[in-house]
Amino acid sequence: MKKSRIIVLFRNDFRLHDNPALYEASRTGEIIPVYIHESTNHTKSMGGAQKWWLHQCLLSFQTSLENMNGRLYLFNGNAEVLLPEIIETTEADAVYWNRCYDPKTYRRDLKIAALLIEENIQIKSFEGRLLRPPWEVVKEEKVPYRVFSAFYKAFLKEEVPKPFPALKESVFAETDLKGETISSLGLLPKMNWTKTMEETWMPGENHAIEQFKDFCETKLARYHEARDIPFPEGFSVMSPYLALGIMSVRSMYHYLKNNPHSSAYIRQLIWRDYAYQLLFHFPDLHGISLDERFTSFEWRIDEADFDAWKHGRTGFPIVDAGMRELWATGYLPNRVRMIAASFLVKDLLIPWQKGEEWFWDTLIDADIANNSMGWQWVAGTGIDPAPYFRIFNPVLQSEKFDKDGRYIKKWVPELKSLPAKYIHDPSKAPDHVLQEAGIELGTDYPFPIVDHKAARKRALEHYGQIKKG
Ligand SMILES: Cc1cc2nc3c(=O)[nH]c(=O)nc-3n(C[C@H](O)[C@H](O)[C@H](O)COP(=O)(O)OP(=O)(O)OC[C@H]3O[C@@H](n4cnc5c(N)ncnc54)[C@H](O)[C@@H]3O)c2cc1C
């Protein structure tokens, strides 16, 4: 009997392990691996840093497939137009994919599926992104959870499906498809921005798996207490691999679920599923505050302050260190994401959407669900009953989580000679200390762009009006 020819459409699942669409296709037919790079048709077009990361990950995935005598066929354009053409050229009779939960892509995929089914093409979609599909853990009558603790409790009662075996055999179809090269997809930035990223990140599934195993062996036991220290000694740095599906979250979960130290880490993986549950039910999560009262909130539009924040020139060293790390590496530890985001939204009263956009463009792990939820959580605009008066004091946060200023010294080197006592707030250092450290405030390093105490009062007044009204 003639074998089925199955297009496996890759989107953000560039891996051989626990890849349900790929595995199921390999069991029933010959595979035609396809990636269509779409600059539109997503709720948000991919940001600059993630495009660079995608380029690296495609190179690595292409090599994995070539080692199995396969090839990833690459296209640039609109999947709705290109897919029927690819089906015709390859004489494929089925298309399999792992579901994408970007709201616009998800809706569009349903449309493509309906059109192709009419043409007698078999369509199968799978869960390859989350621990469980976003519609499964919901309240009665399919109402989504709006509070994480309730979602978490419900989640723990259910089983997480086992990962699929890794693809081991070469089961690829011969085709006349041409396609593009990775370079011709135009993913690399025109400006010279990526030197530190190149030095920092290693693409590839094997590397991701090794890094995760090493984390479990050497760091997991201390994760609950070390995850807030802004150095990767304390956390796993798996987010870049999860963002593009180089690593399967389900495999991670099952690898550590019986480890006695795993509960704090698994809780964070469930936060990720929670973000997707919110995104699935509130598809405007990236741009519209969940709490409708914030539609009339009076944010400040101040481009100079926004610019100082983006480029790490606020005069608050922990915020500046974070924003510079973000620009240089495309990554930020969770604690510093929270401090920097809180500073933008609460101290500067700049709309959270502006911060969300900047993170989206500069994070290699940019994830529409996590980023939108993270920003709305910090802004207090409807995620969880977070009290609006929780306003991080950037100096106290810095003293607590970067006690000796190691993080600040790394990313704000002009402060490296300041004693630990003043490194968290150089504006409080006496003149002779600044002189000895070779710093002139306003020249070598900025004065604080706001007075935190006054900014806190202003934020409380603004937020107070919302909560009253
Ligand atoms: C303002 C803001 C924006 C954020 N934007 C993103 C984003 O674009 N992409 C992204 O992946 N994460 C985002 N996060 C969540 C979190 O900061 C990162 O997932 C985490 O820092 C990634 O580092 P890690 O892999 O070492 O995390 P670990 O601490 O090792 O955690 C392991 C995994 O658990 C998940 N996780 C951990 N913390 C959270 C969290 N708070 N919310 C949801 N999932 C979590 C992530 O998938 C992470 O990779 C954001 C948080 C905030 C406050």
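Being a predicted model, the structure only gives us computed values, none of them experimental. (Residues numbered from 1 in each chain as written. Predicted model: local features only at pLDDT ≥ 70, side-chain atom pairs only at ≥ 80, totals over all residues. Heavy atoms only, no water.)

## Thoughts on the overall build of the protein chain
For step 1, the next point in the chain: For the protein chain, the helix and strand inventory stands at 21 helices and five strands.
For step 2, the next point in the chain: Computed over C-alpha atoms, the radius of gyration of the protein chain comes to 24 Å, within 12% of the 23 Å expected from 2.2 N^0.38 for 469 residues, which places it in the range of a compact globule.
For step 3, the next point in the chain: Along the three orthogonal principal directions, the C-alpha set of the protein chain runs to about 85 × 50 × 45 Å.
For step 4, the next point in the chain: Put simply, 80% of the contacts in the protein chain that link residues at least 6 apart link residues at least 24 apart.
For step 5, the next point in the chain: For the protein chain, the exposed surface amounts to about 21,100 Å²; the carbon and sulfur share of it is 51%.
For step 6, the next point in the chain: Across the protein chain, the mean location of the 59 positive side-chain charges is 5 Å away from that of the 63 negative side-chain charges. (Helix = DSSP H or I, 4+ residues; strand = E, 2+ residues; numbered from the N terminus. Rg over C-alpha atoms; globule rule 2.2 N^0.38 Å. Contact = heavy atoms within 4.5 Å. Areas by Shrake-Rupley, 256 points an atom, 1.4 Å probe, with all protein chains shown as cover. Lys, Arg positive; Asp, Glu negative; His and termini not counted. Charge placed at Lys NZ, Arg CZ, Asp CG, Glu CD.)

## Re the site of the ligand
For step 1, the next point in the chain: In the vicinity of the ligand there are 28 residues, among which Y223, S236, V237, Y331 and N334 approach most closely.
For step 2, the next point in the chain: Residue M238 places a main-chain N or O atom 3.0 Å away from an oxygen atom belonging to the ligand.
For step 3, the next point in the chain: Relative to its unbound accessible surface of 820 Å², the ligand loses 96% to contact with the protein.
For step 4, the next point in the chain: Elements with a contribution of two residues or more to the shell around the ligand: α9 (239-243), α11 (263-281), α14 (334-347) and α16 (368-379).
For step 5, the next point in the chain: Looking at side-chain class alone, the shell around the ligand contains 17 nonpolar, seven polar and four charged residues. (Near = heavy atom within 4 Å. Polar contact = N/O pair within 3.5 Å; in protein donor to acceptor, adjacent residues only side chain to side chain. Nonpolar A, V, L, I, M, F, W, Y, C, P; charged D, E, K, R; others polar.)

## Some thoughts on the side chain of R227
For step 1, the next point in the chain: Checked against the element boundaries, R227 lands in the loop between α8 (223-226) and α9.
For step 2, the next point in the chain: This buried residue, R227, is left without a salt bridge; D228 holds the nearest opposite charge, at 4.8 Å.
For step 3, the next point in the chain: When near neighbours in sequence (up to four residues on either side) are disregarded, R227 contacts G234, F235, Q268 and N334. (Buried < 20%, exposed > 50% of the residue type's maximum accessible area, 1.4 Å probe, protein only. Salt bridge = Lys/Arg side-chain N within 4 Å of Asp/Glu carboxyl O.)

## Observations concerning unusual backbone geometry
For step 1, the next point in the chain: The backbone phi angle of D18 is positive, close to 35 degrees, even though this residue is not glycine.
For step 2, the next point in the chain: Residue placement: D18 occurs in the loop between β1 (4-10) and α1 (20-28).
For step 3, the next point in the chain: Phi at L349 takes a positive value of approximately 55 degrees, unusual for a residue other than glycine.
For step 4, the next point in the chain: Along the chain, L349 falls in the loop between α14 and α15 (352-362).

## Observations regarding the packing of aromatic side chains
For step 1, the next point in the chain: Under the defined criterion, the tally for this structure stands at 41 aromatic pairs.
For step 2, the next point in the chain: For the pair F10 and F14, a centre-to-centre distance of 6.4 Å together with 15 degrees between the ring planes defines the contact as stacked.
For step 3, the next point in the chain: Ring geometry for F215 and Y265: centres 5.0 Å apart, planes at 45 degrees, overall tilted. Pair noted here: F215 is in helix α7 (residues 205-218) and Y265 is in helix α11, with a separation of 50 residues, a long-range link. No difference in accessibility class separates F215 from Y265, as the two residues are buried.
For step 4, the next point in the chain: Through pairs of rings, three or more aromatic residues link up here, namely Y145, F148, F151, Y152, F155, W271 and Y274.
For step 5, the next point in the chain: When the ring centre of Y152 is taken as origin, the NZ or CZ atom of R267, which lies over that ring, is 4.8 Å away.
For step 6, the next point in the chain: Seen from the ring of Y463, K346 lies directly overhead, with NZ or CZ sitting 5.3 Å from the centre. (Phe/Tyr/Trp six-rings, centres within 6.5 Å; stacked < 30°, edge-to-face > 60°. Lys NZ or Arg CZ within 6 Å of the ring centre and 35° of its normal.)

## Considerations on the pairing of β1
For step 1, the next point in the chain: Along β1, seven of the seven residues are buried, which leaves the element largely enclosed by surrounding structure.
For step 2, the next point in the chain: Side chains S4, I6, V8 and F10 of β1 all project onto a buried face; the interleaved residues R5, I7 and L9 project onto the opposite face, where all are buried too.
For step 3, the next point in the chain: When β1 meets strand β2 (residues 29-37), the two strands line up parallel, connected through seven bridges. Bridging across to β2, I7 finds its partner in I32.
For step 4, the next point in the chain: Following the backbone out of β1, through α1 and into the adjacent parallel β2, one traces a crossover that is right-handed.
For step 5, the next point in the chain: Of the strand pairs in this sheet, β1 and strand β4 (residues 94-98) are connected by four bridges, and their pairing is parallel. Bridge pairing links L9 to W97 in β4. (Pairing = 2+ DSSP bridges. Right-handed = clockwise from strand over helix to strand, strands pointing away.)

## Overview of the pairing of β4
For step 1, the next point in the chain: Within β4, five of the five residues are buried, leaving the element largely enclosed by the surrounding structure.
For step 2, the next point in the chain: Because side chains alternate across β4, one face comprises the buried residues A94, Y96 and N98, and the other comprises V95 and W97, equally buried.
For step 3, the next point in the chain: Remark: the β4/helix α4 (residues 103-118)/strand β5 (residues 122-126) crossover connection has right-handed handedness.

## Let's talk about α14
For step 1, the next point in the chain: Across its 14 residues, α14 extends 19 Å between first and last C-alpha, which sits within 8% of the 20 Å expected from 1.5 Å per residue.
For step 2, the next point in the chain: Of all the 14 residues making up α14, 13 are buried; the element is thus mostly covered by neighbouring parts of the structure.
For step 3, the next point in the chain: L349 sits one or two positions beyond α14 and adopts a positive phi of about 55 degrees. (Expected span 1.5 Å × (residues − 1).)

## Points about the UniProt feature "site: Electron transfer via tryptophanyl radical" (unreviewed entry) in the protein chain
For step 1, the next point in the chain: The feature "site: Electron transfer via tryptophanyl radical" (unreviewed entry), as annotated in UniProt, sits at W299, W352 and W375 in this numbering.
For step 2, the next point in the chain: For W299, the position within the fold is in the loop between α11 and α12 (303-310).
For step 3, the next point in the chain: Contact partners of W299, with chain neighbours within four places excluded, come to F294, V345, L349, I350, P351, W352, T381 and Y463.
For step 4, the next point in the chain: Relative to the assigned elements, W375 resides in helix α16.
For step 5, the next point in the chain: Judged by relative accessible area, which is 1%, W375 ranks as buried.
For step 6, the next point in the chain: Those residues in contact with W375 that lie beyond four places of it in its chain are W309, A341, L344, V345, W352, G355, E356 and F359. (UniProt positions renumbered as here; feature names shortened; annotations may be inferred.)

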